[in-house]
Amino acid sequence: MPMPTILKRDSTKFLKELKVHYGDVWNIPDSNYLLKPDFVVVDPRTGKKTKVSFVSLDDGEIVGVVYDTLG
């Protein structure tokens, strides 16, 4: 099973940047997409972790991003 990419960045800024590029960025804690996240963003100041996954259609086109903050 592939491990998610770990990024050490301010998660709020990271999500704002994703919203600029993808438009639809949703906080959906119970999303099945977050069972195997594409990224885990760790804020170096607070240690707060955010799971991030891309939502794509069957043909691979990315249509949005879902995320959930972990303590």
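See the structure above.
The structure displayed is predicted, hence computed values, not measured ones.

1. Quick look at the overall build of the chain
- Along its length, the chain carries one helix and five strands.
- Element order for the chain, N to C, with α for helix and β for strand: β-α-β-β-β-β.
- For the chain, the C-alpha radius of gyration of 12 Å lies close to 11 Å, the compact-globule estimate for 71 residues.
- Across the 71 residues that make up the chain, the buried fraction comes to 34%.
- Put simply, of all contacts in the chain between residues at least 6 apart along the chain, 50% involve residues at least 24 apart.
- Approximately 5000 Å² of the chain is accessible, and the part contributed by carbon and sulfur atoms is 54%.
- For the chain, the separation between the mean place of its 10 positive charges and that of its 10 negative charges on side chains is 11 Å.

2. Considering the sheet that holds strand β5 (residues 62-70)
- Reading across from one edge, β1-β3-β4-β5-β2 is the order of the five strands in this open sheet, with mixed pairing throughout. A strand with exactly one partner marks an edge of an open sheet, and here the two such strands are β1 (5-8) and β2 (25-27). With direction set aside, neighbouring strand axes in the sheet form an average angle of 25°.
- As defined by bridge partners, β2 adjoins β5 across three bridges and the pair is classed as parallel. Within the sheet, the bridge partner assigned to Asn27 lies in β5 and is Tyr67.
- Across the face of the sheet, helix α1 (residues 11-22) comes into contact with β1, β2, β3 (39-42), β4 (49-56) and β5 while running at roughly 15° to β4.

What counts and how
- Residues numbered from 1 in each chain as written.
- Predicted model: local features only at pLDDT ≥ 70, side-chain atom pairs only at ≥ 80, totals over all residues.
- Heavy atoms only, no water.
- Helix = DSSP H or I, 4+ residues; strand = E, 2+ residues; numbered from the N terminus.
- Rg over C-alpha atoms; globule rule 2.2 N^0.38 Å.
- Buried < 20%, exposed > 50% of the residue type's maximum accessible area, 1.4 Å probe, protein only.
- Contact = heavy atoms within 4.5 Å.
- Areas by Shrake-Rupley, 256 points an atom, 1.4 Å probe, with all protein chains shown as cover.
- Lys, Arg positive; Asp, Glu negative; His and termini not counted.
- Charge placed at Lys NZ, Arg CZ, Asp CG, Glu CD.
- Pairing = 2+ DSSP bridges.
- Axes fitted to C-alpha atoms, helices over the stretch in contact; angles between N-to-C directions.

Structural measurements only, silent on function.
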